[in-house]
Amino acid sequence: LTLQSLYISFLLFILTKTRTSFSFLHTTSTHHRHYHRRRHHHHIAVKNSITRRLISTPRLRKMSSIPPPSDSHSKESKQQCKLVDIGINLTHRALIKHWQEVIQRAINVGVTKILLTGTSLKSSHQNLKLAHEWNTKQGTNLFCTVGVHPHDAKHFVTPATTTDGNFKKDETDARTTIDEMKDLLQNNPFAIAVGECGLDYNRNFSTRTDQITAFTEQVRLACELQMPLFIHEREAHEFLVQVLDKVEDEFGKLPPVVIHCFTGNLNEAQVYLSKGYYIGFTGTICKKERGAHLRELLPHVPLDKIMVETDAPFMGFQKTKYGRFSEPAHVVGVAEEISKCHGISFEEVCEQTTKNALLFFGIKEED
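Notes on the structure in this doc start here. (Residues numbered from 1 in each chain as written. Predicted model: local features only at pLDDT ≥ 70, side-chain atom pairs only at ≥ 80, totals over all residues. Heavy atoms only, no water.)

Within the chain, the secondary structure is distributed over 13 helices and 8 strands. Across the 367 residues that make up the chain, the buried fraction comes to 44%. The long-range fraction of contacts in the chain, counting pairs at least 24 apart against all pairs at least 6 apart in sequence, stands at 73%. (Helix = DSSP H or I, 4+ residues; strand = E, 2+ residues; numbered from the N terminus. Buried < 20%, exposed > 50% of the residue type's maximum accessible area, 1.4 Å probe, protein only. Contact = heavy atoms within 4.5 Å.)

Below, the structure written as structure tokens:
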């Protein structure tokens, strides 16, 4: 009996110790699970907090799809400073897929009027369609130029030319480019200027002969219709002035002229100004190296002869989530740079350049 009692007592002792050990292990395991779970949630909270702080910074907010926080003060300021972007290429593949967002972003920062640049008959038709779609639903913010860019001058259709150089049209001639342009300009309320036309002797995608022919005919059309001229010029300053002077002699007077996306030198700018032309500046003036000479000459260009533009998606000077492309909202940066170069307020630049553009294109402010 004694040995049996001892044996039973030993078994009970072993069982008690085993239960205590299991209980300890279970408690420890549970504690660790709760501990790691708390650490996991704390890590997520910290990570989310850091992410929110990062995205709230202006630079990273541009790169994210999260909209910036509302700021009633900045909205009020932007509404007071209206701007006109006199030239964007909305049908370009970098903009067309999200064109309505592009336009809305511009309007949100005070760019209330935007000119869609026609560089061919095809793009002119497309621009007018987009302008009609937007303006009938959202308000009159978009206007168009109609023209053929010097790069596309090789596709410019003219009447048959006689040996003495005078144009002669007969019943067998095909419909000319000028005929189609005239129809678009006369029958669309949002078509308000001839262009983008001019000369580009930098790339020469069309022969110089074709460029001069297409440009001359478009200047003549602008004179006939008394509509503003939206002109492109690259490394062809003297030739361009010759064409304009020749047509001016024919008609006695040119309609208003703007040299868009100016990248020339001070002497060229002074020639244009002496003839009463306006000059358009893009984001190139914001570029450190490429815009240095433009920032130097800007103080010599009177503010009442300056218009602002982006030439979007070209001439980009800011990084966006779509790449280094410009869009009309960035014209605010162009106006800011002009205010620095002229040593005047941003508000004064907005007021005067907007006044210039509305007067030049014949746009009513309430349109």
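Having seen it, we continue.
By the definition in use, this model includes 8 aromatic pairs. On the numbers, 5.3 Å between centres and 75 degrees between planes, the contact of Tyr278 with Phe360 is edge-to-face. Here the residue Tyr278 occupies a position in strand β7 (residues 278-281), and Phe360 occupies one in helix α13 (residues 346-361), the gap between them amounting to 82 residues. Taking 4.7 Å as the distance between ring centres and 80 degrees as the angle between the ring planes, the aromatic pair formed by Phe360 and Phe361 counts as edge-to-face. An aromatic cluster of at least three residues, connected via ring pairs, comprises Phe262, Tyr272, Tyr277 and Phe281. Geometry around Tyr201 places Arg208 over its ring, the cationic atom sitting 4.0 Å from the centre. (Phe/Tyr/Trp six-rings, centres within 6.5 Å; stacked < 30°, edge-to-face > 60°. Lys NZ or Arg CZ within 6 Å of the ring centre and 35° of its normal.)

Volume-wise, the second largest pocket comes out at about 800 Å³. As for the second largest pocket, its lining consists of 28 residues, and the residues nearest its centre are Asn89, His149, His151, Arg203 and Phe314. Looking at the lining of the second largest pocket, the elements with two or more residues in it are α6 (121-138), β4 (191-200) and β5 (229-234). In terms of residues, the lining of the second largest pocket owes the most to one element, α6, which gives 3 residues. Among the residues making up the lining of the second largest pocket, the classes are represented as 4 nonpolar, 14 polar and 10 charged. (1 Å grid on protein atoms, 1.4 Å probe; cavity = no way out; pocket = protein on both sides within 12 Å on 5 of 7 lines; lining within 4 Å. Points joined across faces, edges and corners; volume = space filled by probe spheres on them. Nonpolar A, V, L, I, M, F, W, Y, C, P; charged D, E, K, R; others polar.)

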